[in-house]
Amino acid sequence: SFFNGFREGVEFSGGRSYTVRFDKPVQVEEIGKSLNTVFGDYPVVKTVDVANQVNITTAYLINYTDRNTDSLVEEKLFEGLKSYLPPGTNFQAFDTRYKMSSQTVLPTISQDLKKGAVKAVIFALLAIFAYILLRFRRWQYSVGTIISLLHDVLVIIAIFSFFKNIVPFPLEINQDFIAAVLTVVGYSMNDTVIVFE
């Protein structure tokens, strides 16, 4: 997984965010699939206030700083959304009538935050090790607990890494993924303690 890499979400990589309003309600899953074909990656698509208005956040060309990059991304956005707009709608009409706003999204999870998270995980593993050792008076139980936790988490991480380009839906490392991993850690720890009891 370390060498295969991950598909990072916008929280890690940054991106561009667009609010687009349509004439009729749309399905966010369908919008995501359509934009995946032009961006080569699934954007984050969310409904905003009403069913016919969505917010689209994409990391497409986020590392390019050329002046024309923003307009190039907007043209790709228009290309992906063209089938949801009235026939004959051109880019100019899309830009003035349907695109409500646009902004650049900076990565909210910085390198410092990542390093802090690694330190927190190491500290938490040591604290768990100490708790199990004090509770059951056997270092073997502590080692087994840490191995069990690492196994459960590493299986999920490996699946997200190796299946990122295989499955027809996005497997991104984002805030939802982190919440899911923390949930798995909580259940794994709870199960381990109950078994030891």
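Residues numbered from 1 in each chain as written. Predicted model: local features only at pLDDT ≥ 70, side-chain atom pairs only at ≥ 80, totals over all residues. Heavy atoms only, no water.

A. Spatial organisation of a nonpolar patch on the surface. On the surface, Val 155, Ile 159, Phe 162, Phe 163 and Ile 166 cluster together into a nonpolar patch covering about 470 Å² of accessible area. Mapped onto the fold, Phe 162 is located in helix H6 (residues 139–162). Classification of Phe 162 as partly exposed rests on a relative accessible area of 48%. (Patch = residues over 30% accessible without salt bridge, like charges linked within 9 Å, V, L, I, M, F, W, Y side chains within 5 Å. Areas by Shrake-Rupley, 256 points an atom, 1.4 Å probe, with all protein chains shown as cover. Salt bridge = Lys/Arg side-chain N within 4 Å of Asp/Glu carboxyl O. Helix = DSSP H or I, 4+ residues; strand = E, 2+ residues; numbered from the N terminus. Buried < 20%, exposed > 50% of the residue type's maximum accessible area, 1.4 Å probe, protein only.)

B. Quick look at the packing of aromatic side chains. Taken as a whole, this structure holds 10 aromatic pairs when the rule is applied. Arranged with centres 4.3 Å apart and planes meeting at 25°, the rings of Tyr 141 and Phe 196 form a pair that is stacked. A residue pair is termed long-range when its members are at least 10 positions apart, and Tyr 141 in helix H6 and Phe 196 in helix H7 (residues 175–196) qualify at 55 residues. In textbook terms, an aromatic cluster arises when at least three aromatic residues are bridged by ring pairs, as seen for Phe 78, Phe 91 and Phe 94. In this structure, Arg 135 packs its charged tip against the face of Phe 136, placed 4.9 Å from the ring centre. (Phe/Tyr/Trp six-rings, centres within 6.5 Å; stacked < 30°, edge-to-face > 60°. Lys NZ or Arg CZ within 6 Å of the ring centre and 35° of its normal.)

C. Structural context of the sheet that holds strand S4 (residues 50–58). One open sheet accounts for 4 strands, arranged S3-S4-S2-S5; its pairing is antiparallel. Looking along the sheet, the strands with just one partner apiece sit at the ends: strand S3 (44–48) and strand S5 (99–105). On average, each strand axis in the sheet is tilted by 20° relative to the strand beside it, whichever way the strands run. In the sheet, strand S2 (residues 15–21) pairs with S4 via 6 bridges, with the strands oriented antiparallel. By the bridge assignment for S4, Val 20 is matched with Val 54. Of the strands in this sheet, S3 and S4 touch helix H2 (residues 28–39), which is tilted by about 145° from S3. (Pairing = 2+ DSSP bridges. Axes fitted to C-alpha atoms, helices over the stretch in contact; angles between N-to-C directions. Contact = heavy atoms within 4.5 Å.)

D. Main features of the pattern of salt bridges. Counted under the stated rule, the structure contains 5 salt bridges. Ionic pairing is found between Asp 70 and Arg 16, a salt bridge with its closest N-O pair at 2.7 Å. Residue Asp 70 is located in helix H3 (residues 69–81), and its partner Arg 16 is located in strand S2; the two are separated by 54 residues in the primary sequence. Residue classification places Asp 70 among the partly exposed residues on the basis of a relative accessible area of 36%. For Arg 16, a relative accessible area of 5% puts it in the buried group. Between Lys 99 and Glu 74 there is a salt bridge, with its nearest N and O atoms 3.0 Å apart. With Lys 99 in strand S5 and Glu 74 in helix H3, the pair connects residues that are 25 residues apart, well separated along the chain. Given the relative accessible area of 12%, Lys 99 is considered buried.

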